[in-house]
Amino acid sequence: MEHYPFMNTPLAYAYDALEPYIDAQTMVLHHDRHLQTYVDNLNAALQPYPWLQTLSLQQLLRASTHLPMTIATPVARNAGGVYNHRLYFDGLTPESAPLPDGALSSAIVRRFGSISQFREQLTQAAAGVFGSGYAWLCADRRGTLSIVTTANQETPQGLCLCPILNLDVWEHAYYLKHFNKRADYLTDWFHVVNWPAAEARYLQCKEQSADSYFENHENF
Ligand code: MN
């Protein structure tokens, strides 16, 4: 199980692989600088606390509200930054294809009416995040989907049982290419979504809810 000192895991694809939708320079800065900074700051926050150094990222996120104030905020922010960015980068692929028929697509149609209505609602939610944050597609323990948003590097812990996909709408995710046009970035993001990864997370969420959810380290 991964614990302190955390490492910045490499991307599963090349920095320029998401061109022309997400540019290489954005990916380099986003992964190697922004995410790296969260990794470094998380390690620095944990360094004086040996009893926290055996906890996984998910355990730290669950524990953060119970920690002393001096450590609670840096752990929550930086563990959140690592968790949120890993999910974001894992949710992207250069080989994106339309959402395949399967459990996730059925659940989307059940919840939102159609794939295009889902797309519209997720876009609206992401466009409506004021300042920095994320839009999320989440599943509850019955597999019912919802869209939620979070501010800054907050995780959807407490709002959401299983995060299926997230959409980073911090300006650093799009400003170099899309400037201030978040809506253009959202349109481009849909071209590089890793639907098979989302489907796998959805199935895993349903399996673990039948089993023992809180023992699982993949989600919260
Ligand atoms: Mn980001």
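These figures come from a predicted structure and were not determined experimentally.

Asks: Just give me the short version of the sheet that holds strand 3 (residues 162–168), but keep the residues and values in it.
Replies: The strand order across the open sheet formed by three strands is 2-1-3, and the pairing between neighbours is antiparallel. Each edge of the open sheet carries a strand with a single partner, namely strand 2 (145–151) and strand 3. Recorded for the sheet is a direction-independent mean angle of 25° between the axes of neighbouring strands. The sheet contact formed by strand 1 (residues 133–139) and strand 2 spans seven bridges and is antiparallel. Residue pairing across strands places Y134 opposite T150, the latter belonging to strand 2. Contacts between helix 4 (residues 103–112) and the sheet are confined to strand 1, strand 2 and strand 3, with strand 2 contributing the most and set at about 85° to the helix.

Asks: Quick one: what's the story with the side chain of H31, residue by residue and with numbers?
Replies: Within the secondary structure layout, H31 lies in helix 1 (residues 24–46). Ignoring sequence-local partners within four residues, the contact set of H31 consists of N8, T9, P10, L11, Y15, Q36 and F89.

Asks: An account of the coordination of the manganese ion is requested, with residue identities and associated values reported.
Replies: Octahedral metal centres with six donors ideally show angles of 90 or 180 degrees, and tetrahedral centres with four donors ideally show 109.5 degrees. The protein atoms that coordinate the manganese ion are H30 (NE2), H85 (NE2), D168 (OD) and H172 (NE2), at distances spanning 2.0 to 2.1 Å. Within one chain, the residues serving as donors to the manganese ion are arranged as H-x54-H-x82-D-x3-H. Of this pair, H85 sits in helix 3 (residues 69–90) while D168 sits in strand 3, and the two are 83 residues apart along the sequence. Judged by relative accessible area, which is 0%, H85 ranks as buried.

Asks: So, the domain arrangement of the protein chain: which residues are in play, and what are the values?
Replies: Along its sequence, the protein chain is organised into domain 1 (24–90) and domain 2 (102–216). Its C-alpha centre places domain 1 at a distance of 20 Å from the equivalent point of domain 2. Of the residues lining the interface, 18 residues belong to domain 1; the matching set on domain 2 comes to 23 residues. For the domain 1 and domain 2 pair, buried surface summed over both sides reaches about 1,600 Å², with 53% attributable to carbon and sulfur atoms. The tally of links between domain 1 and domain 2 comes to zero salt bridges. Where domain 1 touches domain 2, the interface holds 13 residue pairs in polar contact (both at pLDDT 80 or more). At the level of elements, helix 1, helix 2 (57–63) and helix 3 are the ones that each hand at least two residues to the side of domain 1 that touches domain 2.

Asks: Which residues make up the state of the cysteines, and what values go with them?
Replies: Evaluated as defined, the whole model comprises two disulfides. There is a disulfide in this structure between C138 and C160, and the S-S distance comes to 2.1 Å. Across the S-S bond linking C138 and C160, the dihedral sits near -110°, which makes this disulfide left-handed. Pair noted here: C138 is in strand 1 and C160 is in the loop between strand 2 and strand 3, with a separation of 22 residues, a long-range link. C160 matches C138 in its accessibility class, with the two residues each being buried. If the cysteines joined by disulfides in the protein chain are listed in sequence order, their pairing comes out as 1-2, 3-4.

Asks: Report on the pattern of salt bridges, specifying residues and quantitative values.
Replies: The tally for this structure, following the rule as stated, stands at one salt bridge. Taking the shortest distance from any N to any O, the salt bridge between R86 and E2 comes out at 2.8 Å. Of the two residues, R86 sits in helix 3 while E2 sits in the segment before helix 1, which places them 84 residues apart along the sequence.

Asks: Outline the nonpolar core, supporting the account with residue identities and numerical values.
Replies: Grouped together as the largest cluster of nonpolar side chains are 68 residues, with contacts concentrated most on L104, L145, I164, L167, Y185 and W189. Considering each element in turn, this core owes the most residues, nine residues, to helix 3. Each of domain 1 (24–90) and domain 2 (102–216) accounts for three or more of the residues forming this core. Residues contacting Y185, with those up to four places away along its chain left out, are I22, Y88, L167, D168, V169, A173, Y174 and H178.

Rules used in this analysis
- Residues numbered from 1 in each chain as written.
- Predicted model: local features only at pLDDT ≥ 70, side-chain atom pairs only at ≥ 80, totals over all residues.
- Heavy atoms only, no water.
- Pairing = 2+ DSSP bridges.
- Helix = DSSP H or I, 4+ residues; strand = E, 2+ residues; numbered from the N terminus.
- Axes fitted to C-alpha atoms, helices over the stretch in contact; angles between N-to-C directions.
- Contact = heavy atoms within 4.5 Å.
- Donors = N, O, S within 2.8 Å, 3.2 Å for Na, K, Ca; no water.
- Buried < 20%, exposed > 50% of the residue type's maximum accessible area, 1.4 Å probe, protein only.
- Domains from an automatic or database assignment.
- Buried area = accessible area lost by both parts, 1.4 Å probe.
- Salt bridge = Lys/Arg side-chain N within 4 Å of Asp/Glu carboxyl O.
- Polar contact = N/O pair within 3.5 Å; in protein donor to acceptor, adjacent residues only side chain to side chain.
- Disulfide = S-S within 2.5 Å.
- Core = buried A, V, L, I, M, F, W, Y, C linked by side-chain atoms within 4.5 Å.

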